[in-house]
Amino acid sequence: MEVKKILWPTDFSRTSEEALPYVTSLTRKYDAEVHVLYVIEDLAHHEGWYGEFGRENAQKLMAHSEKTARQRLDQLCEKYMEGCPLYVKHVAIGDPAQEILKLIGKEQIDLIVMTSRGERSAFSFGSVSEKVVKNSQVPVIVIPLKSGIPKVLGGADDQASSA
C-alpha cells in the first residue's frame, strides 16, 4: 500500500489529539503529507435564536469562526506536527462527515486517521466517525479513546495543565 497523503480531521479536542501519535508515526513511516482538517458548523441552516439573527450577523460570526479556526490550526501544527515532512491545513464550513469525504477526492487522500468520537459525542463511537467509515473510498484508521471526558485543545484546561 502506498500512502502519500494522510488526512487527520480534528475538532481541537483532546479526543482528536489521541490520534496524533498514529498520524506522526504513519507520516514518518510513509514520508507522507498530513492534511489537517477542521470543519465549522454552518449556521445558515439553523432557525433564528430568540428572534431574527440576520444574515449579516451570521456572516460576521462565520468569518470570525474561520479566522479563529485558522489561528488554532497554525498553533496545533506548530506544536504537534514539527516532525512531519509536510502538513497542509484546511478549514471547511458544513457537515463534518461530508466535508471529510469531500476532501478525500479533492486532495487525493490515501488514508484517514481519526478518533472514534469527537468532543461532543457521548458515545464511544461518534456519528462523524461512523459516517466516514461507512462512506469512505479510502482506508480509515479509527483510534479508540483512552480518556474519558473530552477537553478542547488550547483551551483553559490545556493551558493550565501545561503550566
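Everything that follows concerns the structure shown earlier in this document.
What comes next concerns the included structure.

Here is what the cut-offs are and how they apply
- Residues numbered from 1 in each chain as written.
- Predicted model: local features only at pLDDT ≥ 70, side-chain atom pairs only at ≥ 80, totals over all residues.
- Heavy atoms only, no water.
- Buried < 20%, exposed > 50% of the residue type's maximum accessible area, 1.4 Å probe, protein only.
- Helix = DSSP H or I, 4+ residues; strand = E, 2+ residues; numbered from the N terminus.
- Arc of directions from axis to C-beta.
- Pairing = 2+ DSSP bridges.
- Axes fitted to C-alpha atoms, helices over the stretch in contact; angles between N-to-C directions.
- Contact = heavy atoms within 4.5 Å.

## Quick look at helix α2 (residues 20–30)
An α-helical turn contains 3.6 residues, so a residue and the one three or four places further along point in the same direction.
Right, on to step 1. If you check which residues of α2 are buried, you get L20, V23, T24, L26 and T27. Considered in projection along α2, the buried side chains sweep an arc of 165° and stay on one side of the axis. Opposite the buried face of α2, by more than 90 degrees, sit the exposed residues P21, R28 and K29.
Right, on to step 2. Following α2 by one or two positions, D31 has its phi on the positive side, about 55°.

## Notes on the sheet that holds strand β4 (residues 111–115)
Right, on to step 1. Pairing within the open sheet is parallel, and its 5 strands lie in the order β3-β2-β1-β4-β5. If you trace the sheet from one side to the other, it starts and ends with β3 (86–93) and β5 (140–143), each paired once. Averaged over all neighbouring strand pairs, the angle between strand axes comes to 20°, with direction disregarded.
Right, on to step 2. As defined by bridge partners, strand β1 (residues 5–9) adjoins β4 across 2 bridges and the pair is classed as parallel. The residue bridging L7 from the neighbouring strand is I112, located in β4.
Right, on to step 3. Helix α5 (residues 127–135) rests against β4 and β5 of the sheet, and its axis sits at about 160° to β4.

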